[in-house]
Every structure is written in C-alpha cells, then in structure tokens.
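Summary of structural features
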Amino acid sequence: MSLLREQKLLKYELTAKMELMKKSGFIILAVIVLGVAAYLAIAVLKITIGLIVLAIAAVVLFVLWHMIKHKWEEKFESES
C-alpha cells in the first residue's frame, strides 16, 4: 500500500513539474519571439530613417549642384 501511494505521489510530482516546465518553456519561447520581433522592428525603422536621410541628402546635393553649375556657367559666359 505504501508503494502504491509513493508511486502516485511521484506521478503527481512529475505531472506538476511537467506542467511547470511547459509553462516555463512557453514563456521563454514568447520572450524569444517578442525579442526577435522587436529586433526586426528596430531594424526596419533604422532602414527607413536611413532611406529618408539619403533622399534628403540627394535633394540637397542636387540643388547645390545646380547652384554651382549655374554660377560656373555665368562666370564663363561673362568672361567670353
């Protein structure tokens, strides 16, 4: 009788430990998934900001190039 009771107690303990492990595993998996999602979101945000800065820089350089080009043309037209 004591052996049967001990087996039931061990089975109950193992079941409780397995449930705890399942919950812990789910929490760990959820944290990993959220971490990857946050990492990807930050990466996309950085890429977007970089593209916006690149577009602004291209516009500024284009405008400066036109200003320099026109001044250069005016300088050579006035000399000739």
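Residues numbered from 1 in each chain as written. Predicted model: local features only at pLDDT ≥ 70, side-chain atom pairs only at ≥ 80, totals over all residues. Heavy atoms only, no water.

1. Notes on the overall build of the protein
- Assigned secondary structure in the protein consists of 1 helix and 0 strands.
- On C-alpha atoms alone, the protein measures out to a radius of gyration of 34 Å, which is more than a quarter above the 12 Å that the 2.2 N^0.38 rule sets for 80 residues.
- Structurally, the protein occupies a C-alpha span of about 115 × 10 × 5 Å along its principal axes.
- Across the 80 residues that make up the protein, the buried fraction comes to 0%.
- For the protein, the accessible surface area stands at approximately 7,900 Å², while carbon and sulfur atoms represent 77% of it.
- On the protein, the mean spot of the 10 positive side-chain charges and the mean spot of the 7 negative ones are 22 Å from each other. (Helix = DSSP H or I, 4+ residues; strand = E, 2+ residues; numbered from the N terminus. Rg over C-alpha atoms; globule rule 2.2 N^0.38 Å. Buried < 20%, exposed > 50% of the residue type's maximum accessible area, 1.4 Å probe, protein only. Areas by Shrake-Rupley, 256 points an atom, 1.4 Å probe, with all protein chains shown as cover. Lys, Arg positive; Asp, Glu negative; His and termini not counted. Charge placed at Lys NZ, Arg CZ, Asp CG, Glu CD.)

2. Brief notes about a nonpolar patch on the surface
- A cluster of nonpolar side chains, Ile52, Ile56, Val59, Val60, Leu61, Phe62, Val63, Leu64, Trp65, Met67 and Ile68, forms an exposed patch at the surface whose accessible area comes to about 1,100 Å².
- On the secondary structure map, Val59 appears in helix α1 (residues 2-79). (Patch = residues over 30% accessible without salt bridge, like charges linked within 9 Å, V, L, I, M, F, W, Y side chains within 5 Å. Salt bridge = Lys/Arg side-chain N within 4 Å of Asp/Glu carboxyl O.)

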